[in-house]
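Summary of the model geometry
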Amino acid sequence: MGVHDGHRKRRREQFVRLWQTLVQLNRQGEETDSRLPALRREQGVHFTVVCGENAASDGLLPAQADNIFSAGADVITMGNHTWDKRQIVKYMEACPYLIRPANYTARAPGRGWGVFDGPQGLRVRVVNLIGRVEMNPNFDNPFTKMDEILKEEGADLTLVDFHAEATSEKGAMAWYLDGRAQALWGTHTHVPTADCQVLPQGLGFVTDLGLTGPYQSVIGVKPEQAINRFLGGLPQRFEPAPGPCRMGAVLFDIDTRAKRCVSVQRVDICEEGRQ
Ligand SMILES: [Fe+2]
């Protein structure tokens, strides 16, 4: 074995690659299911978290959760649409790999986080949080909830999906957790942000993954319906826009010995090669 071979081997053992993507709307859920396995192989991904709260437009159905897991998701997170499809409640209570925001009140069913088997025998903690700015103010404080969760031992790495509207709330959470978690990504706005970065203490951060869905749209829905709402027209049931889809995803490379993220990069993939 040459010097470079040994170096490459060490690198493989020391680094894990995490991938997060957001599923948005019916047909894009199918898109994710069909593309995820090959993408995981191509990118050398070790652990995948998918936000599934919009797979059924609003909410997630049990069959869709099955499909997302079959496609290679290790964990599915949710958000403000967690309960829109009530069929998911029983599924969630039985399946620890499907989590909902941890700072829901104690009366909510399901789990807000878990510690899961990762690559190389690593124990990977995944936490789902929801913001309060421009959202439901009755949620528990996500910052102090995270302090509580981090007191629990037994995890080698901690990854956080912060489902929130405000860029400021997501950024503040990232800096609050820098040095205590390895990756934090935002979801909910459906608009990808260009601020991938590693914070000083080694937390990889992006403000929002963006949607996996039709990007020639207003956050995934038909533009004319969004315009109608802002013009004050009669309320309509939102429908997914037609047109090509883009999968919004971000890769985090983590040095598992130093417990630091070393790289964060977008890997958005467009249908038909269009940007
Ligand atoms: Fe949401």
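My aim in this report is to walk through the structure given alongside it, one point at a time.

Rules used in this analysis
As a convention, each chain's residues are numbered from 1 in the sequence order in which they are written. A pLDDT threshold of at least 70 governs which residues receive local features in this predicted model, and a stricter bar of 80 or more applies before side-chain atom pairs are shown or counted, although totals over entire chains, interfaces and linings include all residues. In this description a helix means any DSSP run of H or I spanning at least four residues, a strand means any run of E spanning at least two, and both kinds are numbered starting from the N terminus. Any residue whose C-beta has 12 or fewer other C-beta atoms within 10 Å is treated as exposed, any with 20 or more as buried, and any in between as partly exposed, C-beta atoms being built from the backbone. In this description, any two residues whose backbone-derived C-beta atoms lie within 7 Å of each other are considered to be in contact. One bridge is not enough; two strands pair if DSSP finds at least two bridges between them. Every axis corresponds to a line fitted to the C-alpha atoms, with the helix fit spanning only the stretch in contact, and the corresponding angles, defined between N-to-C directions, vary from 0 to 180 degrees. Of all possible arcs, the one meant is that of the directions from the helix axis to the C-beta atoms. One nonpolar core equals one set of buried Ala, Val, Leu, Ile, Met, Phe, Trp, Tyr and Cys residues connected by C-beta atoms within 7 Å.

Another aspect to go through is the overall build of the chain. Looking only at helices and strands, the chain features seven helices and 14 strands. In the chain, which comprises 275 residues, the proportion classed as buried is 44%. Across the chain, every contact between residues at least 6 apart in sequence was considered, and the portion connecting residues at least 24 apart equals 65%.

The next thing to look at is the pairing of strand β4 (residues 113–117). Sheet topology note: the β4/strand β5 (residues 123–130) ladder contains five bridges and is antiparallel. Following the sheet pairing, phenylalanine 116 is matched in β5 by valine 124.

Quick look at the sheet that holds strand β14 (residues 269–270) now. Within the open sheet, the three strands sit side by side as β10-β11-β14. Their pairing is antiparallel. Of all strands in the sheet, those with a lone pairing partner are β10 (213–214) and β14, marking the two edges. As judged from the two bridges shared by β10 and strand β11 (residues 245–247), these two strands associate in the antiparallel manner. The partner of glycine 213 across the bridge, within β11, is arginine 246.

We now examine the sheet that holds β5. Strand order across the open sheet formed by six strands is β4-β5-β6-β7-β9-β8, with mixed pairing between neighbours. Unpaired on one side and paired on the other, β4 and β8 (197–198) mark the two borders of the sheet. In this structure, strand β6 (residues 157–163) lies alongside strand β7 (residues 183–187), joined through five bridges in parallel fashion. Opposite aspartate 161, over in β7, you have tryptophan 185 as the bridge partner. With respect to the sheet, helix α5 (residues 142–150) is in contact with β4 and β5, its orientation differing from that of β5 by roughly 160°. Its contacts with the sheet place helix α6 (residues 167–177) against β6, β7 and β9 (204–206), and it is angled at close to 170° to β7.

With that settled, the discussion passes to unusual backbone geometry. Phi angles above zero are rare outside glycine, and serine 57 is one such case at about 65°. Looking at the secondary structure, you find serine 57 in the loop between β2 (47–54) and α3 (62–70). Here the phi dihedral of histidine 188 falls at roughly 115°; this positive angle occurs in a residue that is not glycine. Relative to the assigned elements, histidine 188 resides in the loop between β7 and β8.

Of all the positions in α5, only Pro142, Lys145 and Met146 are classed as buried. Down the axis of α5, the buried set is contained in an arc of 100°. They therefore lie on one face. Across α5 from its buried face, at more than 90 degrees, point the exposed residues Thr144, Asp147 and Glu148. Summarising the contacts, the buried residues of α5 are in contact with β5 and α6.

What follows covers the environment of phenylalanine 69. Locating phenylalanine 69 in the fold gives a position in helix α3. Residue class for phenylalanine 69 comes out partly exposed when judged on the 18 C-beta atoms lying within 10 Å of it. In this structure, the C-alpha to C-alpha distance between phenylalanine 69 and threonine 48, residues 21 residues apart in sequence, is 9.7 Å.

Below, the discussion takes up the pairing of β5. The element β5 is extensively covered by neighbouring structure, given that seven of its eight residues are classed as buried. Between β4 and β5, which pair antiparallel and follow one another directly, the connecting turn spans five residues, one of which, glutamine 120, has a positive phi of 55°. Bridging between β5 and β6 involves seven bridges; their strand directions are parallel. For valine 124, the partnering residue across the bridge sits in β6 and is leucine 157.

Next up on the list: the nonpolar core. Soluble globular proteins tend to pack their nonpolar side chains together in the buried interior. Of all hydrophobic cores here, the largest spans 52 residues; its most connected members are Val126, Leu159, Val160, Leu177, Ala183, Leu184 and Leu203. No other element matches β5, which puts five residues into this core.

So, about α6. Structural remark: α-helix, 3.6 residues per turn; residues separated by three or four positions point the same way. Among all positions in α6, only Glu169, Lys170, Met173, Ala174 and Leu177 are buried. The arc enclosing the buried residues of α6, seen along the axis, measures out at 135°, which places them on a common side. Buried residues along α6 sit against α5, β6, β7 and β9. Among the residues trailing α6, glycine 179 stands out with phi positive, at a value near 95°.

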